[in-house]
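The chain contents come next:
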Amino acid sequence: MSIIVENITKEYGSQKALDNVTFKINAGEVIGLLGPNGAGKSTLMKIITCFIPPTSGNVSVYGNNIYEHSIEVRKHVGYLPENNPLYLELYVREYLEFVAGIYKVANKKNRIDEMIGMTGLGAEQKKKIGALSKGYRQRVGLAQALIHNPDVLILDEPTSGLDPNQLIEIRNLIKKVGEEKTVMLSTHIMQEVEAVCDRVIIIDKGKIVADDTTSELASMASRSGRIRVEFNKKVSVDLLKSIKGVKDAIRISDRIFDLIAEKGDMREQIFNFAVKNHLAVLSMQQTGTGMEAIFQDLTRKKSES
Ligand code: ADP
Ligand code: MG
C-alpha cells in the first residue's frame, strides 16, 4: 500500500477542515481528489506531505508514519503546492539546483538535465522563472516535485489558471509521469478527473462523499436520470420540485433547469406539469451522461441541507 490515511481530522480553531477521513491508495494509482473550494483538499495534501500535522488520525506513506518518520515521508513524496510558489527571480536551472541541493540529489547536473528534458523545459531553461508563462511555471513546479525521484506525487490543483492549451499539455505531462508513480492530484473540475485519473475521491466539507474508480462513477452518471428542460417562461424551483417523480431541481437560468428523477422516466410528468401550469417545454434532453452532474449532486445536496 502506498498511502494509508486513517481517521484524519483537522481543526483550525473551531473550524473542522477535515472530519474523520479514511482511504488507502495503491502503488501506481492516479487518484483525483475532487471537491469544491474549501472542501479540505489542500489541508489533506499538506498533512500527507508533513507540512502541517493533523489534529488526530494517522497517515503513512510507504510504511512511514508522518509523526515518527516525516523525513522518510518527504523522501517518498514530491509535492506541487497550490499556486506553485516559486522564486521568480531565480533562473530555471538555478532553482532546480537549489531544490536538488535540499534533497541531496546525487549527480545533480544529470538529474536536472533529465528533469528539464522530461518536463519540456529545454528552450526555457536559461530564463528567469518570473519571465515564464503560467504553463511553463507549472512545468518547473513538476520538475522540482520530481527531482528526488519520489514514488508519490502530490499535486495541488496543478492546472488551475492555465489556458486551454497549457491545460492539455500539463495534463498529458501528468499522465506520462503517472505511468511510473503514484499520483494524487486535487481539482475542482470533474473533466480533469475523467481525463487523467483511475480513481476519484470526492470530498465535501471535510468528509469523503464518494470513492470510486472513474469508470464506475461514469456509469453511475449515465444512470442518474437527469434531464435539462427549457420552458418558455420563468418557473420556480419549488414548483418544479412538486412534480411527481422529480427528486430535485437545479436552476440553470430562470427558464432552464436540470431535473433529477426519483427513479425511472419523468418526461411524461414534466409535460403534464407544463400543460397544467400553462407553460411550453421548448427542449428537453438527457444530461445524465456527464460526471459533472454526479459531482454536483454529491457536493450540492450537503451544502444546501
Ligand atoms: P480546498 O483546498 O479544498 O479549497 P482547504 O483545505 O484550503 O480547502 O480549506 C478547508 C477549510 O479550512 C476551508 O474552510 C478553509 O477556510 C479552512 N482553512 C484552511 N487553512 C486554514 C488556516 N490556516 N486557518 C484557518 N482555516 C483554514
Ligand atoms: Mg486548495
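Cut-off values and rules
All residue numbers refer to position in the chain's written sequence, counted from 1. Each chain takes a letter, starting from A, and each ligand takes a number, starting from 1, following the order in which they are written. Confidence filtering applies because this is a predicted model: local features only for residues at pLDDT of at least 70, side-chain atom pairs given and counted only at 80 or more, and all residues used for totals across whole chains, interfaces and linings. Hydrogens and water are ignored here; the side-chain numbers use all heavy atoms of the structure. The rule for donors is simple: an N, O or S atom within 2.8 Å of the metal counts, and for Na, K and Ca the reach is 3.2 Å. Water is not among the atoms, so a site may look short of donors. Secondary structure follows DSSP: runs of H or I at least 4 residues long count as helices, runs of E at least 2 residues long count as strands, and numbering of each begins at the N terminus. Being near a molecule or strand, for a residue, means having at least one of its heavy atoms within 4 Å of it. Counted as a polar contact is a pair of N or O atoms within 3.5 Å, where, for protein atoms, one must be capable of donating a hydrogen and the other of accepting one, and residues adjacent in sequence contribute only when both atoms are in side chains. Computed with a 1.4 Å probe, the accessible areas rest on the Shrake-Rupley method; for each residue, only the protein chains presented here act as cover. Only C-alpha atoms enter the line fits that serve as axes; for helices the fit covers just the stretch in contact. Angles between N-to-C directions range over 0 to 180 degrees. Every angle not falling under 35 degrees, over 145, or within 65 to 115 is termed oblique; those three ranges are roughly parallel, roughly antiparallel and roughly perpendicular. Crossings are classed by handedness, with left-handed meaning an anticlockwise turn of the near helix from the far one by less than a right angle and right-handed meaning a clockwise turn. The contact rule is simple, with two residues in contact once any of their heavy atoms fall within 4.5 Å. For this classification, the nonpolar set comprises Ala, Val, Leu, Ile, Met, Phe, Trp, Tyr, Cys and Pro, the charged set comprises Asp, Glu, Lys and Arg, and every other residue, Gly included, is treated as polar. Patch construction takes residues with relative accessible area above 30% that form no salt bridge. Like charges are linked within 9 Å, and nonpolar side chains (Val, Leu, Ile, Met, Phe, Trp, Tyr) are linked within 5 Å. In the sections that follow, a salt bridge refers to a side-chain nitrogen of Lys or Arg positioned within 4 Å of a carboxyl oxygen of Asp or Glu. At least two DSSP bridges between two strands are required for those strands to pair.

Draft legend 1. Broad picture of the coordination of the magnesium ion (ligand 2). Note on the magnesium ion (ligand 2): its protein donors are Ser42 (OG) and Glu82 (OE). The metal-donor distances range over 2.1 to 2.6 Å. In this pair, Ser42 is assigned in helix α1 (residues 41-48) and Glu82 in the loop between β6 (77-80) and α3 (92-102), connecting sequence segments 40 residues apart.

Draft legend 2. Quick peek at the site of ligand 1. Every residue lining ligand 1 is accounted for by Tyr12, Gln15, Ala17, Pro36, Asn37, Gly38, Ala39, Gly40, Lys41, Ser42 and Thr43. Within the contact set of ligand 1, a nitrogen atom lies 3.4 Å away from a side-chain nitrogen or oxygen of Tyr12. Within the backbone of Ala39, a nitrogen or oxygen atom sits 3.1 Å from an oxygen atom of ligand 1. Burial of ligand 1 by the protein amounts to 63% of the accessible area it has alone, namely 560 Å². Every element with two or more residues in the shell around ligand 1 is listed here: β2 (15-25) and α1. Counting residues per element, the shell around ligand 1 draws most heavily on α1, at three residues.

Draft legend 3. Structural view of the packing of α3 against helix α4 (residues 108-118). Viewed as axis vectors pointing N to C, α3 and α4 meet at an angle of 125°, and their least axial separation amounts to 10 Å. It follows that α3 is oblique to α4 by the angle criterion. Regarding α3 and α4, the two cross each other, and that crossing is right-handed. Between α3 and α4, the residues in contact are Arg93, Leu96, Glu97, Ala100 and Gly101 and Lys108, Ile112, Asp113 and Ile116, respectively. Looking at the contact of α3 with α4, its residues break down into four nonpolar, one polar and four charged.

Draft legend 4. Representation of a nonpolar patch on the surface in the model. Together, Tyr87, Phe98, Ile102 and Tyr103 make up an exposed nonpolar region whose accessible area comes to about 380 Å². As for its position among the elements, Tyr87 is in the loop between β6 and α3.

Draft legend 5. Examining the sheet that holds strand β9 (residues 199-204) more closely. Here we have six strands laid out as an open sheet, ordered β6-β7-β8-β3-β9-β10, and mixed in their pairing. In the strand order of this sheet, the two ends are held by β6 and β10 (207-213), each with one partner. On average, each strand axis in the sheet is tilted by 15° relative to the strand beside it, whichever way the strands run. Sheet analysis places strand β7 (residues 152-156) next to strand β8 (residues 182-187), joined by five bridges and oriented parallel. By the bridge assignment, Leu153 is partnered in β8 with Val183. Its contacts with the sheet put α1 on β3 (30-34), β6, β7, β8 and β9, and the angle it makes with β8 is roughly 150°.

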